[in-house]
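Observations on the model geometry
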Amino acid sequence: MTEKIKQNAEPDWSEYRGVLVVVEQRDGKAKPVSWQLLGIGRKLAQKLEVDTLALVMGHDVEHLAREAVYYGADKVYIADDPVLKHYRTYPYSRVCLELFRKIKPEIVLFGATYTGRDLAGAIATHLPTGLTADCTMLDVEPPPSRLLLASRPAFSEKMVATILCKKYRPQMATARPGVFDALPRDPSRQGEMIPFPCPVKEEDVAARVIDFIQDEQRVNLEDASVIVAGGRGLGGPEGFKVLKELADALGGEVGASRAVVEAGWISHDHQVGQTGHTVRPKLYIAVGISGAVQHVVGMQNSDVIVAINKDPNAPIFKVAHYGVVGDWAEIVPAMIEEVKKR
Ligand code: FAD
């Protein structure tokens, strides 16, 4: 039921405290965005002089609560129950709503993933606070205002809109994976672990999840540790078969520039950049990509960037740690051969 909105009342939000990160996991493995959110969440919490909180939901997920502490949480709420083994909107959103009512967090952050968007959206329909989706910048105004400054691209990425939630709490946002830095994992950190009962029983849930089957075709750029990305310099869609071979040999995924997505050489879910995915793999290999600013904003935080381009003045070399000047059609097959030998 939607909570009552008190019209014309001066809001007093003093009982709402803490920045809460909703940790996302699948099969007991956390999504990297969860630790990235704890990184930014902790910065916000320090500015507001409050605790960094985390919520871990699932079954047999106590180890993730410990990880959340190592990545910056002061207190972790654990809803551990067989009902929560697989993500389902109803039980997960009920846990969140019950917890929010009980502990009254000032700010709640979710990953802007398929699951995070679904969950945050479902919760927002039960609260009067709304939700700022897909944020790429998060900050807070210092006390007494304590407002979350949630910024996201708007108007076809032509401007950045900062959205404020002035009247209600908690202030909620989903944040794009790969944009914020996780803190270094620190196993010496201590935190409080607090069990939180799941308010839903299996018989109350209409949907049953039998199993998850990984779609072989599905691209998972945000979690990939290696990305081999291709641009217009490939000369046509056939070039992506060669890039896929290199990506497979390195255990990675194939990315792309917008130019080739628009040309129909590869699907949009491969696109890296301002209007695609923001990624931060350990290794990003840019093949035949010029390095336009809209592409670079999506990959510049990769640990190691290798650029292959026949133009020595291509802007991509300015962000690359290693550059190879030459024709990709000669260089990439030689790399595949070398990687396969190892
Ligand atoms: P090009 O700029 O044409 O570069 C091709 C490169 O390949 C050249 O540097 C060339 O030297 C090299 N090359 C050619 N032949 C070879 C060869 N045989 N071997 C090696 N190298 C070779 N772009 C994105 O990528 N992602 C986005 O999210 C994105 N969002 C945008 C949003 C807006 C609002 C706008 C206006 C633009 C956006 N763009 C985005 C487009 C961006 O500005 C560029 O047009 C695009 O990134 C260029 O793609 P490209 O590097 O593949 O092609």
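A short tour of the structure in this document, coming up. (Residues numbered from 1 in each chain as written. Predicted model: local features only at pLDDT ≥ 70, side-chain atom pairs only at ≥ 80, totals over all residues. Heavy atoms only, no water.)

**What to know about the overall build of the protein**
As a reminder, the rule being used: Segments assigned H or I by DSSP are reported as helices when at least four residues long, segments assigned E as strands when at least two residues long, and all are numbered from the N terminus. Per-residue and other accessible areas were derived by the Shrake-Rupley procedure at a 1.4 Å probe size, with only the shown protein chains allowed to occlude residues. Residues counted as positive are Lys and Arg, residues counted as negative are Asp and Glu, and His and the chain ends are not counted. The atoms used to mark charge sites are NZ of Lys, CZ of Arg, CG of Asp and CD of Glu.
Scanning the protein from terminus to terminus reveals nine helices and 17 strands. When the accessible surface of the protein is totalled, it reaches about 17,300 Å², and 51% of it is carbon and sulfur. Seen as two clouds, the 41 positive and the 44 negative side-chain charges of the protein have centres 4 Å apart.

**Details of the site of the ligand**
Note the following rule: Summary of the distance rule: residues count as near a molecule or strand when at least one heavy atom falls within 4 Å of that molecule or strand. Side-chain atoms alone can form a polar contact between residues adjacent in sequence; in general such a contact is a pair of N or O atoms within 3.5 Å, and within protein one must be able to donate a hydrogen while the other accepts it. In this classification, the charged set is Asp, Glu, Lys and Arg, the nonpolar set is Ala, Val, Leu, Ile, Met, Phe, Trp, Tyr, Cys and Pro, and all remaining amino acids, among them Gly, are polar.
Residues in close proximity to the ligand total 24 residues, the closest being Arg232, Ser257, Thr275, Ser290 and Asn309. For the ligand, a nitrogen atom lies 2.8 Å from a polar atom in the backbone of Val272. Between the ligand and His295 there is a distance of 2.9 Å, counted from an oxygen atom to a side-chain nitrogen or oxygen. Contact with the protein chains hides 77% of the accessible area of the ligand, taken as 1,000 Å² for the molecule alone. When residues of the shell around the ligand are traced back to their parent elements, those giving at least two are α6 (258–262) and α7 (293–296). Looking at side-chain class alone, the shell around the ligand contains five nonpolar, 14 polar and five charged residues.

**Section: the layout of surface pockets**
Under the convention used in this document: Using only the protein atoms, space was sampled on a 1 Å grid; points where a 1.4 Å probe fits but cannot get out form cavities, open sets with protein on both sides within 12 Å along at least five of seven lines form pockets, and lining residues are those with an atom within 4 Å of a point. Grid points are joined across faces, edges and corners, and a volume is the space filled by probe spheres set on the points.
Counted as a void, the largest pocket has a volume near 1,100 Å³. Along its surface, the largest pocket is lined by 41 residues, and Lys31, Tyr114, Arg218, Asn220 and Glu222 are the ones closest to its centre. Mapped by element, the contributors of at least two residues to the lining of the largest pocket are β2 (25–26), β3 (29–30), α1 (32–48), α4 (114–124) and β9 (148–154). For the lining of the largest pocket, the class distribution of residues is 13 nonpolar, twelve polar and 16 charged.

**Describing the nonpolar core**
Applied cut-off: Definition of nonpolar core: a set of buried residues of the types Ala, Val, Leu, Ile, Met, Phe, Trp, Tyr and Cys, connected through side-chain atoms within 4.5 Å. Partly exposed describes any residue whose relative accessible area lies between the buried limit of under 20% and the exposed limit of over 50%, with all areas from a 1.4 Å probe on protein chains only and scaled to the type maximum. Pairs of residues are marked as contacts when any of their non-hydrogen atoms sit within 4.5 Å.
Counting residues in hydrophobic clusters, the biggest one holds 34 residues, and the most contacted among them are Val19, Leu38, Leu44, Val76, Leu109, Leu138 and Leu148. Ranked by residue count, the leading element in this core is α1, at eight residues. Those residues in contact with Val19 that lie beyond four places of it in its chain are Gly41, Leu44, Ala45, Leu48, Val50, Asp51, Thr52, Leu53, Ile107 and Leu109.

**A few points about the pairing of strand β10 (residues 159–163)**
As a reminder, the rule being used: Here the rule is simple: two strands pair whenever DSSP picks up at least two bridges between them.
Of the pairings in the sheet, the one linking β9 to β10 comprises five bridges and is antiparallel in character. Opposite Ala150, over in β10, you have Ile163 as the bridge partner. As consecutive antiparallel partners, β9 and β10 are separated by four residues, and within that stretch Phe155 has a phi angle of approximately 50°, a positive value.

**Side note on empty space enclosed by the protein**
By rolling a water-sized probe across the atoms, one finds the places where empty space is left. Enumeration according to the criterion identifies one cavity of 30 Å³ or more in this entry. Volume-wise, the largest cavity comes out at about 110 Å³. Residue lining of the largest cavity: Val22, Val23, Glu24, Gln25, Met57, Tyr87, Tyr92, Phe110, Gly111, Thr115, Gly116 and Leu119, and that is the complete set. Mapped onto the lining of the largest cavity, the elements with two or more residues apiece are β1 (19–23), β6 (107–111) and α4. Per element, the largest residue contribution to the lining of the largest cavity is three residues, and it comes from α4.

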